[in-house]
Amino acid sequence: MMTLTINIERLLHELDLLALITDCPPIQDRPLPGTTQAVTRIVFTPRDLEARAWLKELVLAAGFTVREDAVGNTFLRWEGTDAGLGAVGTGSHTDAIPYAGMYDGTVGVLGGLEAMRSLKEAGFVPKRAIETLMLTSEEPTRFGIGCIGSRLLGGVIDPEAADRMLDRLPETDASAPTGLTLADVRQAAGFHGSLAGVKLPIGHYHAWVELHIEQGPLLEREGIELGIVTNIAAPSSYRYTVEGFGGHAGALLMPDRRDALCAAAEMILSVERHARAANANSGGVDTVATIGMVGVYPGAVNSVPSRVTLILDLRDTDVARRDGVLSAFHADIAEIEQRRGVKVQEEIVNADAPAKSSEHIVETVETICKAEGVSYKKMVSRAYHDSSFIAVVAPTAMLFIPSRAGVSHKPDEYSTPESIAVGTRMLALALAKLANE
Ligand code: GLV
Ligand code: MN
Ligand code: MN
């Protein structure tokens, strides 16, 4: 196995610079060490475009090529000596939900670039091309569905339906699209051409490995340096519209109200109860249900809500159990409709399958960890990732590094320089090994 040093100072500096491309003001009081910045970087906003331009400059300076597809997935490519062979891929995303941290996704993109750079500087010559991808809109903030870029690469979303997806920025009222579509927004951002051309042919990637922060507490708690992901839990998401009868908050008498927000509140507690019950039955923790977005119409302090939109995020490692929670929720919704005189409509945003890692890639990383004396554990990812959808067209696996206190999607998300260095080094060694197969 080759000896390899990662330039961790360079990588940390670049993570810091990228974190400064944010729509959040700097955090002044730095509540925890390492917390420098809250990051909001929503796809195709000026900040996202700024980050993309900055990244492309870094890549060209490092002597790699850049290709962008019609949805803005960006391929940073290092040619191999055998152009006929499938490439080895890595990468992640640089978009960030509102008030996020600075490591989610970015460690996989800048870590992938650093892996390629440090291999090149060490004199490594790959037989297969190595690519680091910056994937468009892993986060669902703007269009309501996550992993748009990787879904298109994997062919798991219809390109024309994708282009028709509504822009829901700003989502102050979850029911209020801006009137634009993905097609309008991506073209205004400079990404033209048909989305049908984005799908990757089988064989484009011989192997794919994504580096990411764990976003959960297990690695830190157990003092383990690296997680090797064997499965990614199945995500799903549903949009609900609750129609009631509202009016003047003083004059509309209590018996005459059909308050849509009170009905929605019961729905929120119902799905939480069913997710907890599923975990109690299984003796596990794999079922998770979240309603993180609520839109209230008309949204006035002195008006009884007549319409509410809710967005449910429901995940499980076991699809049948996930479906069981949804059925129990449906039964409660029917009862709430009846009792409160409201009407609830459901729209499926996505209901995806779980992803399974390639045993070959998992074993390859295990062999590298053993040889390098790096502690590791095989684990499930409860968060979804672009790898969930790349897995449809390529053998994949993921590497996790510890997250402080398991915190993510918050500004105090943090991974230590040592963890980032170990993860990037293991990634580079895995890419090198796979690229010479
Ligand atoms: C990804 O950001 C997820 O929500 O799992
Ligand atoms: Mn995220
Ligand atoms: Mn992520």
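Bear in mind the structure is a predicted one, so any value in this text is a computation, not a measurement.

### Quick look at the pattern of salt bridges
Considering all chains together, one arrives at 27 salt bridges under this definition. One salt bridge connects Glu50 with Arg47, and the closest N-O pair in it is separated by 3.0 Å. Note that Glu50 and Arg47 are positioned in helix H2 (residues 46–61) at a spacing of three residues, about one turn of the helix. Here Glu79 makes a salt bridge to Arg77, at a shortest N to O gap of 2.8 Å. Connected through salt bridges with shared partners, the residues Arg10, Glu14, Glu114, Arg117 and Glu121 form a single ionic network.

### Looking at the domain arrangement of the protein chain
The assigned domain composition of the protein chain is domain 1 (8–233 + 354–435) and domain 2 (236–351). Spacing between the C-alpha centres of domain 1 and domain 2 amounts to 32 Å. Counting residues at the interface gives 15 residues for domain 1 and 17 residues for domain 2. Together domain 1 and domain 2 conceal approximately 1300 Å² of surface at their shared face, both sides included; 55% is due to carbon and sulfur atoms. For the pair domain 1 and domain 2, the interface holds one salt bridge. Where Arg382 meets Asp286, a salt bridge forms, and the shortest distance between an N and an O atom there is 2.5 Å. Between the two partners, domain 1 and domain 2, sit one residue pair in polar contact (both at pLDDT 80 or more). The class makeup of the residues in the side of domain 1 that touches domain 2 is seven nonpolar, three polar and five charged.

### What about the sheet that holds strand E13 (residues 307–316)?
Strands sit in the order E11-E13-E9-E14 across an open sheet of four strands; the sheet is antiparallel. The sheet terminates laterally at strand E11 (288–297) and strand E14 (343–351), the two strands that pair on one side only. Sheet twist, expressed as the average angle between the axes of neighbouring strands with direction ignored, equals 15 degrees. Strand direction decides the pairing type here: strand E9 (residues 234–243) and E13, joined by ten bridges, are antiparallel. By the bridge assignment for E13, Arg239 is matched with Ile311. In the packing of helix H8 (residues 260–282) onto the sheet, contacts are made with E9, E11, E13 and E14, and the angle to E13 comes to roughly 5 degrees.

Reading the values: the criteria
- Residues numbered from 1 in each chain as written.
- Chains lettered and ligands numbered in written order.
- Predicted model: local features only at pLDDT ≥ 70, side-chain atom pairs only at ≥ 80, totals over all residues.
- Heavy atoms only, no water.
- Salt bridge = Lys/Arg side-chain N within 4 Å of Asp/Glu carboxyl O.
- Helix = DSSP H or I, 4+ residues; strand = E, 2+ residues; numbered from the N terminus.
- Domains from an automatic or database assignment.
- Contact = heavy atoms within 4.5 Å.
- Buried area = accessible area lost by both parts, 1.4 Å probe.
- Polar contact = N/O pair within 3.5 Å; in protein donor to acceptor, adjacent residues only side chain to side chain.
- Nonpolar A, V, L, I, M, F, W, Y, C, P; charged D, E, K, R; others polar.
- Pairing = 2+ DSSP bridges.
- Axes fitted to C-alpha atoms, helices over the stretch in contact; angles between N-to-C directions.

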